[in-house]
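# Results of the structural survey
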Amino acid sequence: MKFTLNTVTKCSGRLGLWNGLERLPNVALQTPGLIFHTKGGSVPHVSKEVLQQLSSAPQFLQMSISNTIHMQEAVQGCQKTLGEFVAQNDAVSMLVLRDPSEVPVSGVPERDAVPIYTRCGRRTVKVDAYMRLVETFQPDLYVPLYDGDTELGCSKKREQKSVERTETLVQECLEWHRKSEKLSGHHTSLIAPVVGGYSEKLREKAIEWLRQTEHDFAGYLIEGLHTYDPSLVSRITSETILPIVTPVCKALPEERVRLCFGAYDPTVVLELVSAGVDVFDTSYVYLKAAQQHRALIFSFNVSAPEAEEQQESSQHTTELDTTDTRWAEDFSPLLAGCSCYTCQKHSKAYVHHLYNTREMLGPILLMIHNLHHYMEFFKTIRHHVAQDTLPQLREHLSLQRTLPPYVEKEDKKQAIPMGRKEATPPEEPAVDLEEKLAKKQRS
């Protein structure tokens with residue numbers, strides 16, 4: 001695939017177009033843009049038809065091996081690609097290692113294998129097994145194996161090992177890719193992982209090594225900033241990661257797309273766009289809708305007449321907690337003026353009722369609203385980047401009040417273990433059989 005850089009602004013990032021896929025020549029992603037986070041090849045809680053109504057443009061789908069590796073035998077037996085197997089052949093598929101919405105399982109990385117976290121627990125994947133998986137799935141884009149298990153506070157030794165092991169793993173994957181007829185014939189592109197933890201020197205070393213073979217890569221994925229724990233990633237501040245991401249983006253070639261995945265807060269997303277990151281994913285939407293039961297209602301309309309009033313109002317927040325009992329009799333939409341299906345057809349009271357009754361429709365309606373709101377947010381980002389006014393949007397968003405961090409509530413009605421009956425109140429003493437017969441005869 002090819003990335004075309006259209007505009008580079010002074011303080012608002014850059015605009016571009018990511019296209020050039022031979023299989024889908026008319027598909028293009030405007031940047032800054034979004035790749036849809038999926039589970040098993042499908043956007044969680046949203047059908048393919050609903051997703052097409054939300055976005056008429058062809059989608060870019062992020063598929064992690066952690067929730068698709070169990071499909072390998074079935075896909076191989078059908079002799080289809082992963083996109084054809086999950087009925088998403090009209091979308092661009094990108095294979096990654098980790099699911100940004102899943103909490104990682106602790107463990108020690110191995111020298112020649114990378115840990116992934118599947119539905120059956122933690123398992124390790126070596127280069128030969130991973131590349132056979134890639135040959136079976138034949139995605140349009142994929143990230144080679146790498147060691148990105150670093151976060152803030154990691155030791156220098158761990159960061160050094162991360163860079164060394166990544167160079168070895170990427171080199172082995174590159175050699176396999178060049179020799180593979182399936183991958184070269186399918187025109188599958190690679191995305192290079194940039195690791196090094198929070199060390200600028202190690203990041204420079206990793207980029208210098210990757211640029212020796214930059215013609216093999218369609219873009220760069222900035223990794224090693226976190227371990228993909230969604231609840232922790234959403235609390236990362238721009239002050240933490242900007243000192244690393246900004247010099248990384250300056251060192252990377254301008255003609256290649258830059259990706260950064262994780263459930264980042266929208267204020268952090270704006271800072272990353274200013275630093276030069278092009279593509280993000282929608283795991284933040286899933287985190288808020290399906291795991292925290294919250295609707296995104298932050299304002300990004302800087303030019304609205306009521307914008308100042310909303311910012312000064314202490315009632316205006318960036319999220320709406322649908323589990324709060326005060327919405328039980330509120331029949332207004334989740335967000336006034338929103339044009340999504342959820343806000344046009346349903347109310348806060350109904351979504352709150354769906355949560356209380358544990359109905360499947362609850363997270364579906366929240367995902368529809370959050371996806372729509374997040375995509376509109378990125379349209380606004382592209383507009384402000386074109387006008388070089390992204391700092392205004394950043395200030396507008398920073399003045400809004402945020403809810404306290406989500407804390408999982410204990411369910412009052414606890415599940416009863418299998419084989420154990422629910423406790424029942426003691427029964428009254430049994431009446432003698434003869435007395436029953438006598439009463440029956442008298443009656």
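Report follows, based on the coordinates.

Here is what the cut-offs are and how they apply
- Residues numbered from 1 in each chain as written.
- Predicted model: local features only at pLDDT ≥ 70, side-chain atom pairs only at ≥ 80, totals over all residues.
- Heavy atoms only, no water.
- Pairing = 2+ DSSP bridges.
- Helix = DSSP H or I, 4+ residues; strand = E, 2+ residues; numbered from the N terminus.
- Axes fitted to C-alpha atoms, helices over the stretch in contact; angles between N-to-C directions.
- Salt bridge = Lys/Arg side-chain N within 4 Å of Asp/Glu carboxyl O.
- Buried < 20%, exposed > 50% of the residue type's maximum accessible area, 1.4 Å probe, protein only.
- Phe/Tyr/Trp six-rings, centres within 6.5 Å; stacked < 30°, edge-to-face > 60°.
- Lys NZ or Arg CZ within 6 Å of the ring centre and 35° of its normal.
- Left-handed = near helix turned anticlockwise from the far one by under 90°.
- Contact = heavy atoms within 4.5 Å.
- Nonpolar A, V, L, I, M, F, W, Y, C, P; charged D, E, K, R; others polar.
- Right-handed = clockwise from strand over helix to strand, strands pointing away.
- Core = buried A, V, L, I, M, F, W, Y, C linked by side-chain atoms within 4.5 Å.
- Parallel < 35°, antiparallel > 145°, perpendicular 65-115°, else oblique.

The strand order 1-2-3 describes an open sheet built from three strands, whose pairing is antiparallel. The two strands at the open ends of the sheet, each matched to only one other strand, are strand 1 (2-8) and strand 3 (29-31). Along the sheet, successive strands turn relative to each other by an average axial angle of 20°, direction set aside. Of the pairings in the sheet, the one linking strand 1 to strand 2 (residues 14-19) comprises six bridges and is antiparallel in character. In the sheet register, Thr7 faces strand 2, and the bridge partner there is Leu15.

Let's shift gears to the pattern of salt bridges. Once the charged atoms of two side chains with opposite charge are near each other, the side chains can pair. Evaluation of the coordinates by the stated rule reveals 18 salt bridges. A salt bridge links Asp140 to Arg23; its shortest N-O distance comes to 2.7 Å. You can see Asp140 sitting in the loop between helix 4 (127-137) and strand 9 (141-142) and its partner Arg23 sitting in the loop between strand 2 and strand 3, a full 117 residues away along the chain. Under the relative-accessibility criterion, Arg23 is labelled partly exposed at 30%. Measuring nitrogen to oxygen at the nearest pair gives 3.7 Å for the salt bridge that ties Lys126 to Asp112. Residue Lys126 is found in strand 8 (residues 121-126), and its partner Asp112 is found in the loop between strand 6 (92-96) and strand 7 (113-118); the two are separated by 14 residues along the sequence. If you follow the salt bridges from partner to partner, you end up with Lys39, Asp99 and Glu102 in one network.

Further remarks concern the packing of aromatic side chains. For the coordinates displayed, the defined rule picks out ten aromatic pairs. The interplanar angle of 25° and the centroid separation of 5.7 Å between the aromatic rings of Trp18 and Phe60 together place this pair among those described as stacked. Within this pair, whereas Trp18 is found in strand 2, its partner Phe60 is found in strand 5 (residues 60-64), the two being separated by 42 residues in sequence. Residue Phe60 is classed as buried on the basis of its relative accessible area of 2%. Put simply, the rings of Phe280, Tyr284, Phe298, Phe300, Tyr374, Phe377 and Phe378 pair up and form one aromatic cluster. One Lys or Arg, Arg358, reaches over the ring of Tyr355 and ends 4.8 Å from the middle of that ring.

The next point concerns the packing of helix 10 (residues 266-275) against helix 15 (residues 361-387). Where helix 10 contacts helix 15, the two axes come as close as 12 Å, and the packing angle between them is 35°. Every pair of crossing elements has a handedness; the one defined by helix 10 and helix 15 is right-handed. Mapping the contact onto sequence places Pro266, Val269, Leu270 and Val273 in helix 10 and Tyr374, Phe377, Phe378, Ile381 and Val385 in helix 15. Its residues assigned to classes, the contact of helix 10 with helix 15 shows nine nonpolar, no polar and no charged.

Before going further, it helps to spend a moment on the pairing of strand 5. Among the five residues in strand 5, five count as buried, and that is most of the element. Neither face of strand 5 is left uncovered, since the one carrying Phe60, Gln62 and Ser64 and the one carrying Leu61 and Met63 both have all their residues buried. Sheet analysis places strand 4 (residues 33-37) next to strand 5, joined by two bridges and oriented parallel. Following the sheet pairing, His37 is matched in strand 5 by Gln62. One crossover worth recording links strand 4 to the parallel strand 5 by way of helix 1 (residues 48-54), and it is right-handed.

Further remarks concern the nonpolar core. Core analysis: the largest hydrophobic core is formed by 123 residues, its most contacted members being Trp18, Tyr130, Leu259, Leu272, Phe377 and Ile381. Among the elements that make up this core, the one with the highest residue count is helix 15 (ten residues). Beyond its immediate chain neighbours, meaning those up to four positions away, Ile381 contacts Pro32, Val269, Leu270, Val273, Leu390 and Leu393.

Another point: the packing of helix 14 (residues 348-356) against helix 15. Axis separation between helix 14 and helix 15 bottoms out at 8 Å; the angle between their running directions is 135°. Judged on the interaxial angle alone, helix 15 and helix 14 are oblique. Residues Tyr350, Val351 and Leu354 of helix 14 form the contact with helix 15, whose participating residues are Leu361, Gly362, Leu365 and Leu366. A class-by-class count of the residues in the contact of helix 14 with helix 15 yields six nonpolar, one polar and no charged.

This next bit is on unusual backbone geometry. For the peptide bond that leads from Thr31 to Pro32, omega is 0°, which places it in the cis range. With respect to the secondary-structure elements, Pro32 resides in the loop between strand 3 and strand 4. Backbone geometry places His293, a non-glycine residue, at a positive phi of 60°. Counting through the fold element by element, His293 comes out in the loop between helix 11 (283-291) and strand 14 (294-296). Overall, the relative accessible area of 22% leaves His293 in the partly exposed class. The phi angle at Arg358 is positive, at roughly 55°, despite the residue not being glycine.

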